[in-house]
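# Coordinate analysis (summary)
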Amino acid sequence: MKPLLGITMGDPAGVGPEIVLKAFAGEDIKEILAENRPFVVGDKKVLEDAMDYSGVEVEINTFEDIDELEDARFERGVLNLMDLDNVDTSELKMGEVSAMCGRASVDYIEKTAMLANEEKIHGVVTAPINKQALKAADHPYPGHTETLANLTGLTSDDVTMMLVSGNLRVFHVTIHIPFREIADTLSIEKEMQGIHIANDGLKLLGIDDPKIAVAGLNPHASDEGRFGDEDLQIIKPAVEKAQQEGIDAVGPVPADTVFVGAKEGKYDGVLAQYHDQGHIPAKLMGFMEGVNVTIGLPIIRTSVDHGTAFDIAGEGKADPTNLIAALKVGSQMAKSKFGDQS
C-alpha cells in the first residue's frame, strides 16, 4: 500500500477548508495520488459549507478508524475525511477569530500527530491556523511548530523549519526570537545542530549527499573580523567540525550571495542564521509555491507557507497552489522515508 498522508483542515474560519476542497478537485492531486494516499482530518459540515461558497464539489467519504482506509477510493474528486465533528457551524463566522475555531484547529493537529506517532500514517500536511484563535482557546503554544514538538516529546529548541521553494531549500539556526537576541543565542553547538538537521532534511527529500552552505551572520561574513566575531568564533568552527564528520558543509558564506549560489544549484540547502535572513529570499523565489517543512520531528510535517487569509475567507477566492506544493513535498518525503507500505 502507498503511504498515508494526513491533512489537517486548518482554522474553520479561514481559507483552509476551501483550499483543501480545491486541492482534491484539481488535476494536480493525480500526481500525489500516484505515490501516496492523502486524507483529511476536519469537520464535514464546514467542508460542505465551503463547497457552497467556493462552487467546488467533491465526494466526501467519512470514516472513523484509519483501518477503514484500506478499501477507500483514492481518486480525484473524492475526499476521504476523518470527521471530528467539532464545529458548530451556526456559530461559525468566516474571517473572524474564535475560541471554537482555535480549539478545533488544535484537535486536527493532535489527531494527525497521534496517528503519525503511532506510525499509522506516514506524514502530516497542515493547512493554516490562526495564532490569535489558539490564544483565545487557551492553547499554550503559539503555532504548529511548537505544538507538534510538544506532541512528539520534544521542545521547540529541538526542531527547525525548512522552506522549500523550487530548488531553494532554506533552514534556520534561530527562528522566532527578537533580532537583538540573535547573536547572543548562537553557539557552536547550535550551529552543529542546524547543520545536522539540514543534512537529514535534505536526505529526506531524496538528496543522498547534500552540500550545505552556512550563511554568515554579519555583513560579508564579518570580513575577517571587521564586523563582529561570531562568524569566525562560532560559525566557522562549527562548519569545520561538520566537515570532519563527513558532512559536505561550507561557510560562513556571505548572506548577500549565498542564496544566489543555491538558486544556481551550487548548494542543495542553505542554513540561515535567523528568521528573515532565510524567509525573505525563499518567499521572493516563489511565494505561492513555498512550503514550510518542520525538520527535527520524528514525524514528517509539511505546511502551506501562508496564513488563514481572513480577509478573503468564505468568498471562494482562495488559491490552493501552496497546499498542493506542500502535498507534493510531503509525498516525496514519505516516499523517501517509508517507500511502498505493502
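Please refer to the structure higher up on the page.
Remember, predicted model here, so these are calculated numbers, not experimental data.

## A few points about unusual backbone geometry
- With an omega dihedral of 5 degrees, the bond running from Gly251 to Pro252 counts as a cis peptide bond.
- Within the element layout of this structure, Pro252 appears in strand β9 (residues 248-253).
- Positioned with a positive phi, Asp138 is a non-glycine residue whose angle comes to about 60 degrees.
- Summarising the element assignment, Asp138 is placed in the loop between α5 (131-136) and α6 (144-151).
- Asp138 sits in the exposed class, given a relative accessible area of 69%.
- For Ala309, which is not glycine, the phi torsion reads 50 degrees and is therefore positive.
- The topology assignment puts Ala309 in the loop between β12 (301-304) and α12 (321-338).
- On the basis of relative accessible area, Ala309 is assigned to the partly exposed category, the value being 28%.

## Some thoughts on the side chain of Asn80
- For Asn80, the position within the fold is in strand β4 (residues 78-83).
- Taking relative accessible area as the criterion, Asn80 reaches 0% and is therefore assigned buried.
- In terms of polar contacts, Asn80 uses its side chain to reach the backbone carbonyl oxygen of Arg73, at 2.9 Å.
- Here Asn80 is in contact with Phe39, Val40, Asn61, Phe63, Leu69, Ala72, Arg73 and Phe74, once residues within four sequence places are set aside.

## Focus: the nonpolar core
- By size, the foremost hydrophobic cluster in this structure holds 92 residues, and its most contacted members are Phe39, Ile66 and Leu79.
- Setting aside residues up to four positions removed in sequence, Ile66 forms contacts with Leu4, Phe39, Met82, Leu115, Lys120 and Ile121.
- By size, the runner-up hydrophobic cluster in this structure holds 15 residues, among which are Leu163, Ala215, Ala262 and Tyr267.

## Regarding the sheet that holds strand β1 (residues 4-8)
- Ordered by their spatial adjacency, 12 strands build an open sheet running β3-β4-β2-β1-β5-β12-β11-β6-β7-β10-β8-β9, and the pairing between neighbours is mixed. In this open sheet, the two edge strands, each paired with only one partner strand, are β3 (59-63) and β9. Across the sheet, the mean angle separating the axes of adjacent strands is 25 degrees when strand polarity is ignored.
- The pairing of β3 with β4 spans five bridges and is classified as parallel. Across the sheet, the residue bridging to Phe63 is Met82, located in β4.
- Helix α4 (residues 99-117) rests against β1, β2 (37-42), β4 and β5 (123-126) of the sheet, and its axis sits at about 140 degrees to β2.

## Observations concerning helix α3 (residues 44-54)
- Buried residues of α3: Val46, Leu47, Ala50, Met51 and Ser54, and no others. The buried side chains of α3 occupy one side of the element, clustering within an arc of 145 degrees when seen end-on.
- Structurally, α3 contributes buried residues whose contacts are with α1 (16-25), β3 and β4.
- N-cap assignment for α3: the residue whose side-chain oxygen lies 2.9 Å from the backbone N of Lys45 is Asp43.
- Where α3 ends, the next residue or the one after it, Gly55, has phi of about 75 degrees, a positive value.

## Details of the pairing of strand β6 (residues 160-165)
- Of all six residues making up β6, six are buried, and the element is well covered by its neighbours.
- Across five bridges, the pairing between β6 and strand β11 (residues 291-295) is antiparallel. Among the inter-strand pairings, Leu163 is bridged to a residue of β11, identified as Asn292.
- Note that β6 and strand β7 (residues 168-172) share four bridges and pair antiparallel.

## Digging into a negative patch on the surface
- Together, Glu64, Asp65, Asp67, Glu68, Glu70 and Asp71 line one region of the surface with negative charge.
- Among the structural elements, Asp65 can be located in the loop between β3 and β4.
- Judged by relative accessible area, which is 36%, Asp65 ranks as partly exposed.

## What to know about the side chain of Ser331
- Within the secondary structure, Ser331 sits in helix α12.
- Take Ser331: its relative accessible area is 6%, and that puts it in the buried class.
- Filtering out sequence-adjacent residues up to four positions away, Ser331 remains in contact with Leu5, Ile32, Glu35 and Asn36.

## Structural notes on the pattern of salt bridges
- Tallied over the full model, the rule gives 17 salt bridges.
- Of the charged contacts, one joins Arg73 and Glu75 as a salt bridge, the two residues approaching to 3.1 Å between their closest N and O atoms.
- Judged by relative accessible area, Arg73 falls into the partly exposed class, the value being 38%.
- Residue Glu118 is joined to Lys120 by a salt bridge in which the shortest nitrogen-to-oxygen separation is 3.4 Å.
- For Lys120, a relative accessible area of 42% gives the class partly exposed.
- A single network of salt bridges, built from pairs that share partners, joins Glu27, Lys30 and Arg76.

How each quantity is defined
- Residues numbered from 1 in each chain as written.
- Predicted model: local features only at pLDDT ≥ 70, side-chain atom pairs only at ≥ 80, totals over all residues.
- Heavy atoms only, no water.
- Helix = DSSP H or I, 4+ residues; strand = E, 2+ residues; numbered from the N terminus.
- Buried < 20%, exposed > 50% of the residue type's maximum accessible area, 1.4 Å probe, protein only.
- Polar contact = N/O pair within 3.5 Å; in protein donor to acceptor, adjacent residues only side chain to side chain.
- Contact = heavy atoms within 4.5 Å.
- Core = buried A, V, L, I, M, F, W, Y, C linked by side-chain atoms within 4.5 Å.
- Pairing = 2+ DSSP bridges.
- Axes fitted to C-alpha atoms, helices over the stretch in contact; angles between N-to-C directions.
- Arc of directions from axis to C-beta.
- Patch = residues over 30% accessible without salt bridge, like charges linked within 9 Å, V, L, I, M, F, W, Y side chains within 5 Å.
- Areas by Shrake-Rupley, 256 points an atom, 1.4 Å probe, with all protein chains shown as cover.
- Salt bridge = Lys/Arg side-chain N within 4 Å of Asp/Glu carboxyl O.
- Lys, Arg positive; Asp, Glu negative; His and termini not counted.
- Charge placed at Lys NZ, Arg CZ, Asp CG, Glu CD.

On their own, these measurements won't tell you what the molecule is for.
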